[in-house]
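Descriptive structure summary
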Amino acid sequence: MTTYDDRASLTDLTAVVERVRGSVEGVIEGKPEVVRLSLTVLLAEGHLLIEDVPGVGKTMLAKALARSIDCSVRRIQFTPDLLPSDITGVSIWDQQRRDFEFKPGAIFAQVVIGDEINRASPKTQSALLESMEERQVTIDGKTYELPSPFMVVATQNPVEMEGTYPLPEAQRDRFMARVSVGYPSAEAELQMLDVHGGVSPLEDLQPVAHAHEILKLIEAVRGVHVAEPVRRYAVDLVGATRTHPDLRLGASPRATLHLLRAAKAAAALNGREYALPDDVQALAVAVLAHRLLPTAQAQLNRRTAEQVVQEILQSTPVPSATPQQSGFGPVHSVPGYGQHPPRRL
């Protein structure tokens, strides 16, 4: 079992993130913000949902992230005839041993790529619920632990596409963040033709980080300090989604936890050992919007969940910040850091 008695400094560990970021950006042209969010979710021990139209690089982003880390990777192509046992595994009768033998499914990997997850039936999609939340699988009354680190990177096409099933609310709520890749700029698309025109860069992509380094990064993120005003700010943002007139379903308490964890990971990526309201604001749309259900009237008015979250961000008071000098150099802090100093990693 990995121990963290000899944890490196946050600066040393962020060098690992930079290597992974450079590796992924060598494959995904012109989308640094998408790559950054993917790494944030990885370090926050979450799962990522990539939603967009076909052909913009959803699966390539998932593959590039998985191949940049030296850990086990499995890919699941979700289809209408995919069975839950194909994902979790199945117990098979062994004639020689005269006993049942468990055959692990594709979920038993450190990075699981679920391609076009909304093309499978809701019954098959539900096979991921236990593994994504509890990082374990229960088959025939026996529980099997999943490896660590564990991350599901799923892609899906918009529900308007033919042959797709909308993800259930419980399934969407288990994804920490949703990101849309979007079309590249003309310059990025031209560069893509040069890089991808002959051979796929995925073929030459080599791991630039080991699984144990990612575990150390995750442990460092857990130690990032979050002051009371920042925690209360996250609670206020999520609570506002439950009373907004344009929403018939607000964000869950799990969303609050995911927002806080993502903010801590964002702070670590910025080289800080403490989270700020800016970290919460920057991630609110990606973490909250996919969990919300607009009312019928809001849909008629073409109001999206993203617009509602932006409106909540503008109307929710932000904790006041004052310039302060600390052991990390000039920073902007929020009330509460004086009473609870950031914990050294």
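Conventions adopted
- Residues numbered from 1 in each chain as written.
- Predicted model: local features only at pLDDT ≥ 70, side-chain atom pairs only at ≥ 80, totals over all residues.
- Heavy atoms only, no water.
- Buried < 20%, exposed > 50% of the residue type's maximum accessible area, 1.4 Å probe, protein only.
- Salt bridge = Lys/Arg side-chain N within 4 Å of Asp/Glu carboxyl O.
- Helix = DSSP H or I, 4+ residues; strand = E, 2+ residues; numbered from the N terminus.
- Pairing = 2+ DSSP bridges.
- Axes fitted to C-alpha atoms, helices over the stretch in contact; angles between N-to-C directions.
- Expected span 1.5 Å × (residues − 1).
- Core = buried A, V, L, I, M, F, W, Y, C linked by side-chain atoms within 4.5 Å.
- Contact = heavy atoms within 4.5 Å.
- Phe/Tyr/Trp six-rings, centres within 6.5 Å; stacked < 30°, edge-to-face > 60°.

Details of unusual backbone geometry
Residue P149 is bonded to the preceding S148 through a cis peptide linkage, with omega at 0°. Positive phi is not limited to glycine here, since E45 has a value of about 60°. A positive phi angle, close to 60°, is found at R302, a residue other than glycine. The exposure class assigned to R302 is exposed, which follows from its relative accessible area of 72%.

Section: the pattern of salt bridges
Under the counting rule described, the total for this entry stands at 17 salt bridges. For D246, the salt bridge is made with R303, and the minimal N-O distance between the two is 2.8 Å. Of the two residues, D246 is situated in the loop between α10 (228-243) and β12 (247-249) and R303 in the loop between α13 (296-300) and α14 (305-315); the sequence distance between them amounts to 57 residues. Overlapping salt bridges, with partners in common, bring together E133, D173, R254 and R291 in one network.

A short note on the sheet that holds strand β9 (residues 151-156)
One open sheet accounts for five strands, arranged β3-β6-β9-β1-β10; its pairing is parallel. A single partner strand is all that each edge strand has here, and the edge strands are β3 (73-77) and β10 (177-179). The average angle at which neighbouring strand axes cross in this sheet is 20°, direction not considered. As paired elements, β3 and strand β6 (residues 111-115) share five bridges and run parallel to each other. Across the sheet, residue V73 finds its bridge partner in β6, namely V111.

A short note on helix α11 (residues 253-269)
Across its 17 residues, α11 extends 25 Å between first and last C-alpha, which sits within 8% of the 24 Å expected from 1.5 Å per residue. Of all 17 residues that make up α11, 12 are buried, and the element is covered over most of its length. Considered for burial, the residues of α11 that qualify are A255, T256, H258, L259, A262, A263, K264, A265, A266, A267, A268 and L269.

Observations regarding the pairing of strand β4 (residues 89-94)
One ladder, built from six bridges, connects β4 with strand β5 (residues 99-104); its direction is antiparallel. Across the sheet, the residue bridging to D94 is D99, located in β5. As consecutive antiparallel partners, β4 and β5 are separated by four residues, and within that stretch R98 has a phi angle of approximately 55°, a positive value.

Notes on the environment of D173
By the secondary structure assignment, D173 is in helix α7 (residues 169-173). With relative accessibility at 9%, the residue D173 sits in the buried group. On a C-alpha basis, the gap between D173 and H290 in space is 7.9 Å, while along the polypeptide they are 117 residues apart.

With respect to the nonpolar core
A general trend in soluble globular proteins is that nonpolar side chains are found buried together. One finds V24, L48, L61, V280 and L288 to be the most contacted residues of the largest nonpolar core, which totals 74 residues. The leading source of residues in this core is α11, at nine residues. When neighbours within four sequence positions are excluded, L288 is seen to be in contact with V238, A251, A255 and V309.

Observations regarding the pairing of strand β1 (residues 48-51)
Here β1 pairs with β9 via four bridges, running parallel. Bridge pairing links L48 to V153 in β9. Pairing of β1 with β10, which is carried by three bridges, proceeds in the parallel orientation. In the strand pairing of β10, L49 is matched with R178.

As for the packing of aromatic side chains
Applying the stated criterion across every chain yields a total of three aromatic pairs. A ring pair is formed by W93 and F100, whose centres lie 5.1 Å apart and whose planes are at 75°; its orientation type is edge-to-face. Overall, W93 belongs to the partly exposed group, its relative accessible area being 38%. Seen from their ring centres, F102 and Y144 are 4.1 Å apart, and the 10° between their planes marks the pair as stacked. With a gap of 42 residues between them, F102 in strand β5 and Y144 in strand β8 (residues 142-145) connect regions that are remote in the sequence. F102 gets classed as buried once you look at its relative accessible area, which sits at 16%.

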